[in-house]
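Here is what each chain is made of, one letter per residue.
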Amino acid sequence: MEIWINPACSKCRSAIKLLDAEGADYTVRRYLEDVPTEDEIRAVLARLGLEPWDITRTQEADAKALGLADRQAWPRTADVRDRWIAALAAHPKLIQRPIITADDGTAVVARTDEAVRDALAR
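Okay, so let's go over this structure.

Thresholds applied
- Residues numbered from 1 in each chain as written.
- Predicted model: local features only at pLDDT ≥ 70, side-chain atom pairs only at ≥ 80, totals over all residues.
- Heavy atoms only, no water.
- Phe/Tyr/Trp six-rings, centres within 6.5 Å; stacked < 30°, edge-to-face > 60°.
- Helix = DSSP H or I, 4+ residues; strand = E, 2+ residues; numbered from the N terminus.
- Buried < 20%, exposed > 50% of the residue type's maximum accessible area, 1.4 Å probe, protein only.
- Lys NZ or Arg CZ within 6 Å of the ring centre and 35° of its normal.
- Salt bridge = Lys/Arg side-chain N within 4 Å of Asp/Glu carboxyl O.

Here's the deal with the packing of aromatic side chains
The final tally for this structure, using the stated rule, is three aromatic pairs. Look at Trp 74 and Trp 84: their rings are 5.3 Å apart centre to centre, the planes differ by 75°, and that puts the pair in the edge-to-face class. Of this pair, Trp 74 sits in the loop between α3 (61–66) and α4 (81–90) while Trp 84 sits in helix α4, placing them 10 residues apart in sequence. With respect to burial, Trp 74 and Trp 84 carry one shared label: buried. Each residue in the set Trp 53, Trp 74 and Trp 84 is aromatic and connected to the rest through ring pairs, giving one cluster. Here the guanidinium or amino end of Arg 83 rests over the ring plane of Trp 74, the centre of that ring lying 3.7 Å away.

Some remarks on the pattern of salt bridges
The tally for this structure, following the rule as stated, stands at eight salt bridges. Glu 38 is paired through a salt bridge with Arg 42; the nearest N and O atoms lie 3.6 Å apart. Placement of both Glu 38 and Arg 42 in helix α2 (residues 38–48) is noted, with a separation of four residues, approximately one turn of the helix. On the basis of relative accessibility, which here comes to 32%, the residue Glu 38 falls in the partly exposed class. Overall, Arg 42 belongs to the partly exposed group, its relative accessible area being 26%. Taking the shortest distance from any N to any O, the salt bridge between Arg 81 and Glu 51 comes out at 2.6 Å. Remark: Glu 51 occurs in the loop between α2 and α3 and Arg 81 occurs in helix α4; sequence separation between them is 30 residues. A single salt-bridge network, built from bridges that share partners, covers Glu 38, Asp 39, Arg 42 and Asp 82.

Purely geometric numbers; function is a separate question.
Here it is as C-alpha cells:
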C-alpha cells in the first residue's frame, strides 16, 4: 500500500496516524517532491474509478490561475481528459490528498477515517 501525501496537510497527517495505529505496512510518497507522471496519474485514476477533474483541488491558486473552474475552457469530458492529467502532472498541488493505493489494486481518496479504514480492509 502506498499513500500520496503533502506533509503540510492535516488530512494526510491524520491518515498516516491512523495507518500507524492500525499497524499498516505502507510507503509514503510525498507527491509534491516525487511528482507523479501522467501515466502514474492515469493508473491511479483507473484504480480510483474517477476522472482527473474529480481529484482536482479547484480552489488552489494554481487552479484559479489556470482557470479550471471555467467549464468552457476546461470541460469535464473524455476528449480533454489528457489535458486535465497534464495539468495535474505539471501542478501536483492540484491533486486531492491523501490518496491510498490499496493492496487489492484499488485506491481511495482518504480524506476521512472511514476512507482510510476502507483502504485497510481491501
